[in-house]
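One letter stands for each residue in the lines below.
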Amino acid sequence: MSGKTDASVFWDQPVLGIETSCDETAAAVTVDGRILSNIVFSQTEHSLYGGVVPELASRNHVRKILPIVRQALDEAGMDLQGLGGIAVTQGPGLVGSLLVGVSAAKGLAMGAELPLLGVHHIEGHLFAGVLEHPELRPPFLALVVSGGHTELVFVSELGVYEIWGRTRDDAAGEAFDKVAKLLGLLEEGQVTQGGPRISALAAGGNPTAFQFPRALMGTGSFDFSFSGVKTSVLYQTRELSEEERRDRCADISASFQAAVVDVLVHKTIEAAIASGVERILITGGVAANRCLRGEMEHTARDRGLQVFFPTIKLCTDNAAMISGVGSFRLARGERSGWDLNAIPRGLLPGVKDRVSSR
Ligand code: KG4
Ligand code: ZN
């Protein structure tokens, strides 16, 4: 799955990565930038409640964490003694979920006398690109866009990050999911299928049929806002009869998708130009969107910029990306103490927030 990257960036010892920040229980082993195993268990019970239920997520992680770790080690063909270290997502995320991963990682590392490292989830998403694309080297600008994040991150060098923009309300993937729900496109129990459903319908629709707002465009800010476009879809479709709404679903989907993609592409390209980088990384679940990929590639090419997308399995939450960060940081001699704790919100070391300091 991954190409081999600079030997200098990663550790030559295998690192177990553990990720439990939301509703995926994941474990993976990488060595020197190569992915030996990448196991993701996605919890499905939440769909009955229309969203992730934190308490349920924690309990599921408790049940699944050790079998998933075992599977990741088996697939990598090693046991704990063969590892050089263990990396775990420390935050951001749901505190109960994070605590399961952190406790498991601590117990395993202490028992096997291995070094331990707490990892920032967003740094993990960045490393999905770094692991897979050896030519993606800093400086680069990254758009991390999923159901939980919409962040523009300037990577001046690996380990040094500056948040240039973030959503002020809904994440882009969340907007896809909410709009799909209000258009009645989701089947009973579906939650995060909104992106794929809208994207499929949009392929047969007219993206200029409806005018939906492009929030915070032309303001000079790299922040995003997607709650307005969602409300606008609600108001404009309220005026349609049931039959009209059904007939025009493809047009509404295409117009909504065009509005979101327009903002994502525009702000990412503007930030890339402002930061002087030549390379862009797009990662997170929404990076699967065909329209986003096409528009981003086309616009970047016109500006002489190169765009990288991880494969879908690495775009969505996984532990290979956490192992990759661990491998990079452990190789630099970094270690977490046994007092490592979950940090559900807020910035972690190595991440500067340009948004709040402006
Ligand atoms: O990264 P991910 O699996 O989970 C987190 O949110 O952490 O991303 C899931 C999100 C959902 O909101 C889903 O609707 C969105 O990514 N998504 C898409 C597409 N595929 C998944 N959004 C737009 N177009 C897609 N093709
Ligand atoms: Zn994520």
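All values derive from a computational prediction rather than experimental measurement. (Residues numbered from 1 in each chain as written. Chains lettered and ligands numbered in written order. Predicted model: local features only at pLDDT ≥ 70, side-chain atom pairs only at ≥ 80, totals over all residues. Heavy atoms only, no water.)

Student: Would you explain the overall build of the chain in this entry?
Tutor: Within the chain, the secondary structure is distributed over twelve helices and eleven strands. In terms of overall size, the chain behaves like a compact globule, its C-alpha atoms giving a radius of gyration of 20 Å where 358 residues would be expected to give roughly 21 Å. With respect to the principal axes defined by its C-alpha atoms, the chain has extents near 65 × 45 × 35 Å. Residue burial in the chain is summarised as follows: out of 358 residues, 56% are buried. Sequence separation of at least 24 residues holds for 75% of the intrachain contacts in the chain that already meet a minimum separation of 6. Of the roughly 14800 Å² of accessible surface on the chain, a fraction of 50% belongs to carbon and sulfur atoms. Of the charged side chains in the chain, 33 are positive and 41 negative, and the gap between their average positions amounts to 2 Å. (Helix = DSSP H or I, 4+ residues; strand = E, 2+ residues; numbered from the N terminus. Rg over C-alpha atoms; globule rule 2.2 N^0.38 Å. Buried < 20%, exposed > 50% of the residue type's maximum accessible area, 1.4 Å probe, protein only. Contact = heavy atoms within 4.5 Å. Areas by Shrake-Rupley, 256 points an atom, 1.4 Å probe, with all protein chains shown as cover. Lys, Arg positive; Asp, Glu negative; His and termini not counted. Charge placed at Lys NZ, Arg CZ, Asp CG, Glu CD.)

Student: I tried to follow the site of ligand 1 on my own but got confused; where do I start?
Tutor: Lining the immediate environment of ligand 1, one finds 16 residues, of which G147, G173, D177, G195 and N289 sit closest. At a separation of 3.2 Å, an oxygen atom of ligand 1 approaches a polar side-chain atom of D317. Its free accessible area being 550 Å², ligand 1 has 86% of it covered by the protein chains. Looking at the shell around ligand 1, the elements with two or more residues in it are α4 (172-182) and α5 (194-202). Here the shell around ligand 1 is composed, by residue class, of four nonpolar, ten polar and two charged. (Near = heavy atom within 4 Å. Polar contact = N/O pair within 3.5 Å; in protein donor to acceptor, adjacent residues only side chain to side chain. Nonpolar A, V, L, I, M, F, W, Y, C, P; charged D, E, K, R; others polar.)

Student: What is the right way to read the nonpolar core from this model?
Tutor: Within the largest apolar cluster, 47 residues are counted, with the highest numbers of intra-cluster contacts made by F256, L264, I282, L292 and M296. Among the elements of the structure, β6 (140-145), β7 (150-157), α4, α6 (227-238), α8 (249-275), β9 (279-283) and α9 (290-302) are those that each provide at least two residues to this core. If one sorts the elements of this core by residue count, α8 sits on top with twelve residues. Residues contacting L264, with those up to four places away along its chain left out, are L143, V145, T150, A172, F224, F226, L292 and M296. Membership of the second largest hydrophobic core comes to 35 residues, among which are F10, A26, I122 and A128. (Core = buried A, V, L, I, M, F, W, Y, C linked by side-chain atoms within 4.5 Å.)

Student: How should I be thinking about the coordination of the zinc ion (ligand 2) in this particular structure?
Tutor: Tetrahedral metal sites with four donors have an ideal angle of 109.5 degrees; octahedral sites with six donors have ideal angles of 90 or 180 degrees. Coordination sphere of the zinc ion (ligand 2), protein contribution only: H121 (NE2), H125 (NE2) and D317 (OD), at 2.1 to 2.2 Å. When the donors of the zinc ion (ligand 2) are listed by position in the chain, the intervening gaps give H-x3-H-x191-D. Remark: H125 and H121 occur in helix α3 (residues 121-132); sequence separation between them is four residues, near one turn of the helix. An identical accessibility class is assigned to H121 and H125; each is buried. (Donors = N, O, S within 2.8 Å, 3.2 Å for Na, K, Ca; no water.)

Student: I keep staring at the packing of aromatic side chains and nothing clicks. Help me out?
Tutor: We describe a pair of aromatic rings using the distance from one ring centre to the other and the angle between the two ring planes. On inspection of all chains with the given rule, the structure shows seven aromatic pairs. For the pair F127 and F328, a centre-to-centre distance of 5.3 Å together with 40° between the ring planes defines the contact as tilted. Of the two residues, F127 sits in helix α3 while F328 sits in helix α11 (residues 320-331), which places them 201 residues apart along the sequence. A relative accessible area of 0% places F127 in the buried class. Ring centres 5.9 Å apart and planes at 15° place the aromatic pair F224 and F226 in the stacked group. Ring pairing ties together the aromatic residues F10, F127 and F328, which thus form one cluster. Just above the ring of F41 sits the side chain of K64; from NZ or CZ to the centre is 4.6 Å. Its end group placed over the ring of F224, K267 keeps NZ or CZ at 6.0 Å from the ring centre. (Phe/Tyr/Trp six-rings, centres within 6.5 Å; stacked < 30°, edge-to-face > 60°. Lys NZ or Arg CZ within 6 Å of the ring centre and 35° of its normal.)

Student: Quick question: what am I supposed to make of the pattern of salt bridges here?
Tutor: Once the charged atoms of two side chains with opposite charge are near each other, the side chains can pair. Counted by the stated rule, this structure contains twelve salt bridges. Between E174 and K178 there is a salt bridge, with the nearest N and O atoms lying 3.2 Å from each other. With E174 and K178 both in helix α4 and four residues apart, this pair spans about one turn of that helix. Among the residues examined, E174 registers a relative accessible area of 26% and is labelled partly exposed. On the basis of relative accessible area, K178 is assigned to the partly exposed category, the value being 33%. Residue D262 is joined to R214 by a salt bridge in which the shortest nitrogen-to-oxygen separation is 2.9 Å. On the criterion of sequence distance, the pair formed by D262 in helix α8 and R214 in the loop between α5 and α6 is long-range, its members being 48 residues apart. Look at D262 and you get partly exposed, because its relative accessible area is 33%. For R214, a relative accessible area of 27% translates into the label partly exposed. (Salt bridge = Lys/Arg side-chain N within 4 Å of Asp/Glu carboxyl O.)

Student: Any chance you could explain the domain arrangement of the chain here in plain terms?
Tutor: In many analyses, interface size is given as the accessible surface area lost on bringing the parts together. Annotation of the chain at the domain level lists domain 1 (15-128 + 314-357) and domain 2 (138-310). With centres defined by C-alpha atoms, the gap from domain 1 to domain 2 works out at 27 Å. Carbon and sulfur atoms make up 65% of the surface buried where domain 1 meets domain 2, a total of about 2100 Å² over both sides. Our enumeration of links across domain 1 and domain 2 arrives at zero salt bridges. Across the domain 1-domain 2 interface, the total number found is three residue pairs in polar contact (both at pLDDT 80 or more). Counting only elements with at least two residues in the side of domain 1 that touches domain 2, the list comes to α3, α10 (312-315), α11, β11 (351-353) and α12 (354-357). (Domains from an automatic or database assignment. Buried area = accessible area lost by both parts, 1.4 Å probe.)

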